[in-house]
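Structural features, examined
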Amino acid sequence: IADLASRCKESGADVIEINIQQHYDLPETMEFAVNAVQKATGRRLCLSTHNPEALEAGLKACTQPPIVNYLSIDEQRLEKMLPMIAKHEAEAVLLLAEAPELPDAEEMLKKAAVLVGAANESGISNERLLIDIGLFHVTADTGQRHLLEVMEFLGAMPEAFDPPVRSTCWIGNASAGAPRRLRRQINAALLAMLAGAGLSSVFVDALDRETMRAVRLIRVFRNEVIYSDGEIE
């Protein structure tokens with residue numbers, strides 16, 4: 001775990017995600033992983049878990065406030081997790097859509113307003129929130145159509161929230177179902193398009209050179225870093 005986390009850091013990851021949602025979603029697993037990754041990298045962490053007890057263990061083990069991924073419109077989940085996130089001054093990812101749901105831009109704005117409002121009521125300010133736009137497979141025409149709604153939603157976000165709320169997504173979700181030889185190109189092209197539409201941040205495979213090259217180029221185009229051939233290579 002320490003070796004993998006170190007390689008992600010060296011590749012340019014700003015935040016390292018610890019995801020135990022699918023397997024071993026237990027407090028002791030989260031605590032072990034947090035300690036291992038923190039010691040190896042010193043990077044800020046993102047904690048992904050369905051288990052409130054595992055989240056609490058992770059929050060207590062973090063040496064700097066992490067990002068919690070994710071919260072959705074699930075009353076029980078919100079009631080259990082929002083107070084913990086607020087107490088530990090963490091940030092939270094608010095997910096707008098889960099398969100097979102395909103909300104349009106208007107529905108996305110309504111869900112975002114509900115989730116942001118619930119977080120605010122728990123003491124979590126807009127500055128500590130990220131909205132996950134919820135990408136679907138572009139290999140299906142429903143996923144392609146949903147991208148149009150996502151673009152409209154991203155365009156509406158600056159006017160919808162004051163102070164502003166950041167956006168994020170799992171870029172790899174869009175290319176799921178495509179042949180492996182094509183997934184890098186799909187991810188990189190879509191990432192560039194979403195960044196141009198205002199996407200703030202993204203979950204990526206930090207060890208994928210093509211995707212990380214796209215990330216570095218986007219930062220150059222936004223004048224966040226100085227261009228150099230070596231950085232792009």
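Note: the structure precedes this text.
Below, the structure is looked at part by part. Just so we're clear, the structure is a prediction, and the values are computed from it rather than from any experiment. (Residues numbered from 1 in each chain as written. Predicted model: local features only at pLDDT ≥ 70, side-chain atom pairs only at ≥ 80, totals over all residues. Heavy atoms only, no water.)

Overall, the coordinates contain one aromatic pair when judged by the stated rule. Considering the side-chain rings of Trp170 and Phe203, the 4.6 Å spacing of their centres and the 5 degrees angle between planes classify their relative orientation as stacked. Here the residue Trp170 occupies a position in the loop between strand E6 (166–168) and helix H7 (172–175), and Phe203 occupies one in the loop between helix H8 (180–196) and helix H9 (209–221), the gap between them amounting to 33 residues. For Trp170, a relative accessible area of 26% corresponds to the partly exposed category. Lying across the ring of Tyr70, Arg77 places its NZ or CZ 4.8 Å from the centre. (Phe/Tyr/Trp six-rings, centres within 6.5 Å; stacked < 30°, edge-to-face > 60°. Helix = DSSP H or I, 4+ residues; strand = E, 2+ residues; numbered from the N terminus. Buried < 20%, exposed > 50% of the residue type's maximum accessible area, 1.4 Å probe, protein only. Lys NZ or Arg CZ within 6 Å of the ring centre and 35° of its normal.)

For the rest of this paragraph, the subject is the sheet that holds E6. In spatial order, the strands read E1-E2-E3-E4-E5-E6; together these six strands make up an open sheet with parallel pairing. Of all the strands in the sheet, just strand E1 (15–19) and E6 have a single pairing partner and so form its edges. For this sheet, the mean angle separating the axes of adjacent strands, direction not counted, is 25 degrees. As paired strands, strand E2 (residues 44–48) and strand E3 (residues 67–71) are joined by three bridges and run parallel to one another. Paired with Cys46 across the bridge in E3 is Ile67. Packing of helix H4 (residues 75–87) onto the sheet brings it into contact with E3 and strand E4 (91–95), and relative to E3 it is tilted by some 165 degrees. (Pairing = 2+ DSSP bridges. Axes fitted to C-alpha atoms, helices over the stretch in contact; angles between N-to-C directions. Contact = heavy atoms within 4.5 Å.)

On to unusual backbone geometry. The omega torsion of the bond from Asn69 to Tyr70 falls at 10 degrees, within 30 degrees of zero and hence cis. As for its placement among the helices and strands, Tyr70 is situated in strand E3. The omega torsion across Asp162 and Pro163 is 0 degrees, close enough to zero to call that bond cis. Relative to the assigned elements, Pro163 resides in the loop between helix H6 (141–160) and E6. Phi at Tyr24 is positive, roughly 55 degrees, even though this residue is not glycine. Within the secondary structure, Tyr24 sits in the loop between E1 and helix H2 (27–41). For Tyr24, a relative accessible area of 65% puts it in the exposed group. Located in the positive-phi region is Glu89, a residue other than glycine, with phi close to 55 degrees. With respect to the helices, strands and loops of the structure, Glu89 is situated in the loop between H4 and E4.

It is worth spelling out the side chain of His146 at this point. With respect to the element layout, His146 can be found in helix H6. Here His146 falls in the buried class, since its relative accessible area comes to 4%. When sequence neighbours within four positions are dropped, the list of residues in contact with His146 reads Leu102, Pro103, Met108, Ile133, Gly134 and Phe136.

This brings us to the nonpolar core. Residues Ile131, Ile133, Leu135, Phe153 and Leu194 are the most contacted members of the largest nonpolar core, which totals 63 residues. It is helix H5 (residues 105–121) that provides the largest number of residues to this core, a total of seven residues. Contact partners of Ile133, with chain neighbours within four places excluded, come to Met108, His146, Val150, Phe153, Leu154, Thr168, Cys169, Leu194 and Leu199. (Core = buried A, V, L, I, M, F, W, Y, C linked by side-chain atoms within 4.5 Å.)

With that settled, the discussion passes to the packing of helix H3 (residues 52–61) against H4. Packing of H3 against H4 brings their axes to within 10 Å, and their N-to-C directions diverge by 5 degrees. Regarding the angle of H3 to H4, the classification is roughly parallel. Counted together, Pro52, Leu55, Glu56 and Leu59 of H3 and Lys80, Met81, Met84 and Ile85 of H4 form the full contact between these two elements. When grouped by side-chain class, the residues that make up the contact of H3 with H4 number six nonpolar, no polar and two charged. (Parallel < 35°, antiparallel > 145°, perpendicular 65-115°, else oblique. Nonpolar A, V, L, I, M, F, W, Y, C, P; charged D, E, K, R; others polar.)

Turning next to the pairing of E1. Residue alternation in E1 divides its side chains into a buried set, Ile16 and Ile18, and an unburied set, Val15, Glu17 and Asn19. By the bridge criterion, five bridges tie E1 to E2 in an arrangement that is parallel. When the sheet's bridge partners are listed, Glu17 is paired in E2 with Cys46. In the classification by handedness, the crossover that spans E1, the intervening H2 and the parallel E2 is right-handed. (Right-handed = clockwise from strand over helix to strand, strands pointing away.)

This brings us to a negative patch on the surface. A contiguous patch of negative charge on the surface is contributed by Asp74, Glu75, Glu79 and Glu98. Structurally, Asp74 is set in the loop between E3 and H4. (Patch = residues over 30% accessible without salt bridge, like charges linked within 9 Å, V, L, I, M, F, W, Y side chains within 5 Å. Areas by Shrake-Rupley, 256 points an atom, 1.4 Å probe, with all protein chains shown as cover. Salt bridge = Lys/Arg side-chain N within 4 Å of Asp/Glu carboxyl O. Lys, Arg positive; Asp, Glu negative; His and termini not counted. Charge placed at Lys NZ, Arg CZ, Asp CG, Glu CD.)

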